[in-house]
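What follows is each chain in one-letter form.
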Amino acid sequence: MSANRGVQDISSLDIAQSNVKKDYGLSEMAYSYGYELRLKYSSFMQDTLNWVTENISDLLSQDASNILSLGCGSGVFDLMMLKAVRSHSEDWTLKGIDYSARDIDLFRERLLLQPEDVRKRVRLEHREFSSSVTLGDEYDLITMIHFLHSFDEILPIINNALRHLSANGKLLIVQQNSKGVAKLRKRFSSFLPNQKFYSSEQVKALFQSQEIPFKSHLINTFFDVSSLGKMSLDTLVLMSFCLSNDLSVLNSQKQEEIRNAFLCRAGKQPDGSLIIDEQMEVIICQR
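The rules behind each value
- Residues numbered from 1 in each chain as written.
- Predicted model: local features only at pLDDT ≥ 70, side-chain atom pairs only at ≥ 80, totals over all residues.
- Heavy atoms only, no water.
- 1 Å grid on protein atoms, 1.4 Å probe; cavity = no way out; pocket = protein on both sides within 12 Å on 5 of 7 lines; lining within 4 Å.
- Points joined across faces, edges and corners; volume = space filled by probe spheres on them.
- Helix = DSSP H or I, 4+ residues; strand = E, 2+ residues; numbered from the N terminus.
- Nonpolar A, V, L, I, M, F, W, Y, C, P; charged D, E, K, R; others polar.
- Phe/Tyr/Trp six-rings, centres within 6.5 Å; stacked < 30°, edge-to-face > 60°.
- Buried < 20%, exposed > 50% of the residue type's maximum accessible area, 1.4 Å probe, protein only.
- Lys NZ or Arg CZ within 6 Å of the ring centre and 35° of its normal.
- Contact = heavy atoms within 4.5 Å.
- Salt bridge = Lys/Arg side-chain N within 4 Å of Asp/Glu carboxyl O.
- pLDDT = per-residue confidence, 0-100.
- Polar contact = N/O pair within 3.5 Å; in protein donor to acceptor, adjacent residues only side chain to side chain.
- Core = buried A, V, L, I, M, F, W, Y, C linked by side-chain atoms within 4.5 Å.
- Axes fitted to C-alpha atoms, helices over the stretch in contact; angles between N-to-C directions.

Colleague: Explain empty space enclosed by the protein here, please?
Modeller: Regions of empty space are outlined by a rolling probe, equal in size to a water molecule, passed over the atoms. What the rule picks out here adds up to three cavities of 30 Å³ or more. For the largest cavity, the calculated volume is near 70 Å³. Lining the largest cavity, in full, are Arg38, Phe44, His146, Gln176, Arg185, Ser240, Phe241, Cys242, Glu278 and Met280. Looking at the lining of the largest cavity, the elements with two or more residues in it are helix H12 (233-241) and strand E8 (274-285). Its residues assigned to classes, the lining of the largest cavity comprises four nonpolar, three polar and three charged.

Structure follows, in structure tokens:
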């Protein structure tokens, strides 16, 4: 199935049946499809994994490895992260929480391919994480990877995560900063109103206003838009922002404005590919 055809199929889904309508105004499958496209054409997940692997001893002590992944999605990041965790600690557990039933099912499918030692230490829950949810356990590491865009108010969400940390536990937030595609998202927000977005700069400013101590690290990443000339504008926007939008309502001039904005942001590489430079930021805090 081609990418363009996939978007046509997705846009015809009954949005009223979506578990995430209240957050995104689009179908659950459309969001998942957009995120998968994003991962296919960008390097941020692998670059983040490389950073986590290099710094795992600073994130986890060898005898304390109770991990909670908020917004675990389909498990791509967590299962790769566990390679670093397993090499660092013999005693570990991972709980993944996501409100997308589809993504939890995909995570379970991927988990079946893992060794038994991994399968028995991973628990998955299809549920929503809110400012009032009580999880019972304390965690040595809580991760929020590309997670905070789901909420209107992020401080109550962050504070709830912090109260579930162990004495020396850490909250690991990975958030896009305002460079790259994020600038385009802001520029076209007038007809992409259903995306909540907090840049890493905004998250840090919030921490500073609340006197929450943190450390941060920039990770250089890229987004490949080499297929820009062949893909539909709907596909481009879906994989850029994880949003499904009917852009056919826009006149041709406005559509070309959007496409050209991506082209102007991209730099042509020696091999002919078109790359938009981006940055993710790792933010680490403790309670």
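Colleague: Honestly, the packing of aromatic side chains in this entry has me stumped. Any pointers?
Modeller: Geometrically, a pair of aromatic rings is defined through the distance of the ring centres and the angle of the planes. Tallied over the entire structure, the rule returns two aromatic pairs. Judged by centre distance (5.7 Å) and plane angle (55°), the ring pair of Phe207 and Phe214 falls under tilted. Since its relative accessible area comes to 0%, Phe207 is described here as buried. For Phe214, a relative accessible area of 24% corresponds to the partly exposed category. Taking the ring centre of Phe223 as reference, the NZ or CZ of Arg38 above it sits at 4.2 Å.

Colleague: What should I look at first to understand helix H9 (residues 155-162) in this one?
Modeller: Because an α-helix completes one turn every 3.6 residues, residues spaced three or four positions apart along the sequence face the same direction. Where burial is concerned, most of H9 is hidden: six out of the eight residues are buried. When we look at burial in H9, the residues that qualify are Leu155, Ile157, Ile158, Asn160, Ala161 and Leu162. For H9, the elements touching its buried residues are strand E1 (66-70), strand E4 (139-145), strand E5 (165-176), helix H11 (200-209) and E8.

Colleague: What am I meant to see in the pattern of salt bridges here?
Modeller: When their charged atoms lie close together, side chains carrying opposite charge are able to pair. Per the stated rule, a full pass over the model turns up eleven salt bridges. The salt bridge partner of Glu36 is Arg102, with a shortest N-O separation of 3.5 Å. Remark: Arg102 occurs in helix H7 (residues 101-111) and Glu36 occurs in helix H3 (residues 28-41); sequence separation between them is 66 residues. Here Arg102 falls in the partly exposed class, since its relative accessible area comes to 26%. Among the salt bridges present, the one from Arg127 reaches Glu125, with a minimum N-O distance of 3.1 Å. Judged by its relative accessible area of 29%, Arg127 is partly exposed. Relative accessible area serves as the criterion here: at 22%, Glu125 is assigned to the partly exposed category. Each of Lys95, Glu125 and Arg127 takes part in a single network of salt bridges with overlapping partners.

Colleague: When you look at the confidence of the model for the protein chain in this model, what are you seeing that I'm missing?
Modeller: Detail in the predicted coordinates should be disregarded across regions flagged by low pLDDT. In the predicted model, the protein chain carries a mean pLDDT of 84, and 86% of its residues have values of at least 70. Low pLDDT (under 50) marks residues 1-25, which in the prediction has 52 contacts with non-local residues, meaning those over four places away or in another chain.

Colleague: Hey, could you run me through the environment of Met280 in this one?
Modeller: Position of Met280 relative to the elements: it lies in strand E8. In sequence terms Met280 and Ser200 are 80 residues apart; their C-alpha atoms lie 7.8 Å from each other. Residues in contact with Met280, not counting those within four places in the same chain, are Phe44, Val174, Gln175, Gln176, His217, Leu218, Ile219 and Thr221.

Colleague: For this particular structure, what's the right way to read the side chain of Ser89?
Modeller: You can see Ser89 is positioned in the loop between helix H6 (76-88) and strand E2 (93-98). In this structure the side chain of Ser89 is engaged in a polar contact, spanning 3.1 Å, whose partner is the backbone oxygen of Asp91. Residues within four places of Ser89 in sequence aside, it is in contact with Gln62 and Ser65.

Colleague: Which parts of the structure should I look at to understand unusual backbone geometry?
Modeller: Generally, phi is negative for residues other than glycine and the peptide bonds are trans, each holding for most cases. At His146, a residue that is not glycine, the phi angle is positive and equals roughly 55°. Position of His146 among the secondary structure elements: in the loop between E4 and H9. Not every positive phi belongs to a glycine, and Glu211 is a case in point at roughly 55°. Among the structural elements, Glu211 can be located in the loop between H11 and strand E6 (214-224). The exposure class assigned to Glu211 is exposed, which follows from its relative accessible area of 72%.

Colleague: Sorry, what's going on with the nonpolar core here?
Modeller: Nonpolar side chains in soluble globular proteins generally cluster together in the buried interior. With 35 residues, the main nonpolar core has Trp51, Val52, Leu82, Val85, Val122 and Leu172 as its most contacted residues. At six residues, H6 tops the list of elements feeding residues into this core. When near neighbours in sequence (up to four residues on either side) are disregarded, Val85 contacts Ile56, Leu60, Ile67 and Trp92. The next biggest cluster of nonpolar side chains, apart from the first, holds 27 residues, and it includes Ile97, Ile173, Val203 and Ile212.

Colleague: How do you make sense of the packing of H6 against H7 when you look at a structure like this?
Modeller: For any two helices packed against each other, one specifies the inter-axial angle together with the distance between the axes. One way to put it is that H6 packs onto H7 with a least axis distance of 9 Å and a crossing angle of 35°. Together, Val76, Asp78 and Leu79 of H6 and Phe107, Arg110 and Leu111 of H7 make up the contact between the two elements. Residue classes in the contact of H6 with H7 are distributed as four nonpolar, no polar and two charged.

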